[in-house]
Amino acid sequence: MAGITKFDVVVIGAGFAGMSAAGRLARHGARVLVLESRSRLGGRATAFPDRDTGELVDNGQHVMLGCYTATFAFLNEIGAGDHVHMQPHLSVPMIDRRGRRSRLTCPTTLPPPLHLVAGVLDWDGLPWRDRLAAFAMAAPLKLARREAQPGARRRAASPGETVENWLIRNRQTATIREMLWNPLALAALNQSPARASAPTFVRVLGEMFGADSRSAAIVLPTRPLHQMYAEPARAYVERLGGAVRTGVTAKVRIDGGVVTIGSNGERWTPGAVISSVPWHALPDLFDDVPAAMADTIDRARRMESSPIVTVNLWFDRRVIDEPFLGLPGRAMQWVFDKRTVFGGDASYLSLVSSGAGPLVDRLNEELIAIAHHELLDALPDIRAARLVRATVVREPRATFSLAPGQPARPSTETGIPGFFLAGDWIDTGLPATIESAVRSGHRAADACLGRQASGFSL
Ligand SMILES: Cc1cc2nc3c(=O)[nH]c(=O)nc-3n(C[C@H](O)[C@H](O)[C@H](O)COP(=O)(O)OP(=O)(O)OC[C@H]3O[C@@H](n4cnc5c(N)ncnc54)[C@H](O)[C@@H]3O)c2cc1C
């Protein structure tokens, strides 16, 4: 059965990229249809009801940074600006492998990157020799910041260089790497610093320690993820005359230059189409791969993925007094207390392992034991607390790999008029993050709107 063509733009995928594209298009008066294959919105940043308790559980803790400017613009636009909490400045409590607790705080009185250097000099989590290594990073951080500006020529790192090699080249000691740079790189890149290539990390540092001292502040969602942004975005798009449908797996057909979307007998021929599906889902969008997409699809097929493992632990009482703690040098690098964000007296902790290749195939019981053991090792005082429940969430394809030699990321334009790509894996220069997804979504929306401005009727 042929559907009635009544939408200007069809957006495929309802994650951060798709919903931010749809929001921007709707605001500019386009009639938008979002198609999502799953039954719930949010893609890789979503929440689901726990099988036993019905409590909403994120598919993995998501952390944003003060430099996520496009993300905050998107959240504000859809009326969800208060669904996140931003620190006034970067402040990270940590417990090292010997159980020593410390806090890295960057003063707001100094401009970046000096605020970081000053923060590290004042950080008693590191011996003096290692604190002094921070001085050697001032120049590379300044270069990283300049590199983020258009037209920059000098590069702080080369594409074949790993993060670890780059840090060593910049005289960062093993201790400061373990305590500061490695947790940061793992969180930002979701890949071991020994594997991930340096330029993307440099880009993150350039944005974090760029414009103002708040750019590095940590921002946490204050609601389960799909409620934080995807449902408000749906309401926003619908209010502006668009539609968002779940359980619809889209297929794309290009016939004589016309882009048609089909799913289960329905068909749409809008003025423009944005695919925001991840790299590994792009090949399945087409039954017949158009020649203009052959190279992009080949590269998407060759992109490797990097996993994240989350272990959720419920205790019978409150066990940590911070919204989050860094556990550098351990398999689970961060622990978040969801109750300090969502409210409540007991503790519901999420322990996160990024770049979790070595863990992802372990049994649930083993992962729970590792997480519980590491937590007790870091916080021996909580031994009296009873572990009530534990669950494991694996995301084997959480992000794309940033290892040197991976295929080049595609751009928004595809060579097919009216067919655009979005998604965190598009060539934004950022790693696979919410901010990359939103920037890609905005870019794709602007490309559609530009097409309209150039005379094409959406
Ligand atoms: C556990 C975990 C933790 C993370 N932590 C962080 C973090 O702390 N900070 C951070 O910034 N980022 C983090 N990320 C990364 C972040 O979640 C992603 O970068 C971002 O959500 C990607 O959004 P997207 O819209 O590009 O893709 P997705 O969210 O993958 O959305 C694509 C959507 O397309 C749909 N789709 C696919 N094929 C079709 C089809 N044929 N038809 C219709 N729909 C289709 C999919 O179902 C999906 O919903 C994390 C990711 C994971 C998994």
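A brief report on the enclosed structure follows. Note that the structure is predicted; figures quoted are calculated from it, not measured.

1. Section: the overall build of the chain
The helix and strand inventory of the chain stands at 13 helices and 20 strands. Dimensions along the principal axes, computed over C-alpha positions, put the chain at roughly 65 × 55 × 40 Å. In the chain, buried positions account for 59% of the 458 residues. The long-range share in the chain, meaning contacts at least 24 apart out of those at least 6 apart in sequence, stands at 70%. Of the roughly 18,600 Å² that the chain leaves accessible, carbon and sulfur atoms contribute 50%. In the chain, which carries 52 positive and 45 negative side-chain charges, the distance between the mean positions of the two groups comes to 4 Å.

2. Focus on the site of the ligand
In the vicinity of the ligand there are 37 residues, among which Glu36, His62, Val63, Tyr68 and Asp424 approach most closely. At 3.5 Å, a backbone N or O of glutamine 61 approaches a nitrogen atom of the ligand. Within the side chain of tyrosine 68, an N or O atom sits 2.7 Å from an oxygen atom of the ligand. Computed on the free molecule, the ligand has an accessible area of 1,000 Å², of which 94% lies beneath the protein chains in the complex. Mapped onto the shell around the ligand, the elements with two or more residues apiece are α1 (16–27), β2 (32–36), β19 (387–400) and α13 (434–453). Each residue belonging to the shell around the ligand can be placed in one class, and the counts come to 19 nonpolar, 13 polar and 5 charged.

3. Regarding a positive patch on the surface
Together, Lys142, Arg145, Arg146 and Arg154 line one region of the surface with positive charge. By the secondary structure assignment, arginine 146 is in helix α5 (residues 135–147).

4. A closer look at the packing of aromatic side chains
One pass over the full model with this rule turns up 9 aromatic pairs. Summarising the aromatic geometry, the rings of phenylalanine 16 and tyrosine 229 are spaced 3.5 Å apart at their centres and angled 10° between planes, so their arrangement reads as stacked. Of the two residues, phenylalanine 16 sits in helix α1 while tyrosine 229 sits in helix α9 (residues 225–239), which places them 213 residues apart along the sequence. Taking relative accessible area as the criterion, phenylalanine 16 reaches 5% and is therefore assigned buried. The buried category is assigned to tyrosine 229, whose relative accessible area is 0%. Between tryptophan 279 and phenylalanine 400 the ring centres are 5.7 Å apart and the planes differ by 85°, which places this aromatic pair in the edge-to-face class. One end of the pair, tryptophan 279, is in the loop between β14 (272–275) and α10 (294–302); the other, phenylalanine 400, is in strand β19, with 121 residues separating them in the sequence.

5. Digging into the sheet that holds strand β6 (residues 84–86)
With respect to topology, 3 strands assemble into an open sheet ordered β5-β9-β6, the strand pairing being antiparallel. Edge strands, defined here as strands with exactly one partner in the open sheet, are β5 (64–65) and β6.

6. Describing the sheet that holds strand β1 (residues 9–12)
What links the strands of a sheet is backbone hydrogen bonding, and the strands pair in either a parallel or an antiparallel sense. Read across the open sheet, the 5 strands follow the order β10-β2-β1-β14-β20; overall the sheet is parallel. In the strand order of this sheet, the two ends are held by β10 (243–246) and β20 (419–421), each with one partner. Between one strand and the next, the sheet's axes are offset by a mean angle of 15°, whatever the strand orientation. In the sheet, β1 pairs with β2 via 4 bridges, with the strands oriented parallel. Counted as the bridge partner of valine 10 is leucine 33 from β2. The strands touched by α1 are β1, β2, β10 and β14; relative to β2, the strand with the most contacts, the crossing angle is about 170°. Across the face of the sheet, α9 comes into contact with β2 and β10 while running at roughly 135° to β10.

7. Points about unusual backbone geometry
Looking along the chain, the bond that leaves proline 112 and enters proline 113 is cis, with omega of 0°. Here asparagine 190, not a glycine, exhibits a phi torsion of approximately 55°, which is positive. Among the secondary structure elements, asparagine 190 is positioned in the loop between α7 (174–189) and α8 (198–208). Its identity as a non-glycine residue notwithstanding, asparagine 264 has a phi of 45°, on the positive side. The residue asparagine 264 is located in the loop between β12 (258–263) and β13 (266–268) in this model.

8. Description of α10
Along α10, the residues classified as buried are Thr296, Ile297, Arg299 and Ala300. Relative to the axis of α10, the buried residues are bounded by an arc of 160° and lie together on one face. Looking at the packing, one finds that the buried side of α10 touches β20.

Rules used throughout
Residues numbered from 1 in each chain as written. Predicted model: local features only at pLDDT ≥ 70, side-chain atom pairs only at ≥ 80, totals over all residues. Heavy atoms only, no water. Helix = DSSP H or I, 4+ residues; strand = E, 2+ residues; numbered from the N terminus. Buried < 20%, exposed > 50% of the residue type's maximum accessible area, 1.4 Å probe, protein only. Contact = heavy atoms within 4.5 Å. Areas by Shrake-Rupley, 256 points an atom, 1.4 Å probe, with all protein chains shown as cover. Lys, Arg positive; Asp, Glu negative; His and termini not counted. Charge placed at Lys NZ, Arg CZ, Asp CG, Glu CD. Near = heavy atom within 4 Å. Polar contact = N/O pair within 3.5 Å; in protein donor to acceptor, adjacent residues only side chain to side chain. Nonpolar A, V, L, I, M, F, W, Y, C, P; charged D, E, K, R; others polar. Patch = residues over 30% accessible without salt bridge, like charges linked within 9 Å, V, L, I, M, F, W, Y side chains within 5 Å. Salt bridge = Lys/Arg side-chain N within 4 Å of Asp/Glu carboxyl O. Phe/Tyr/Trp six-rings, centres within 6.5 Å; stacked < 30°, edge-to-face > 60°. Pairing = 2+ DSSP bridges. Axes fitted to C-alpha atoms, helices over the stretch in contact; angles between N-to-C directions. Arc of directions from axis to C-beta.

All we've got here are geometric facts, nothing functional implied.
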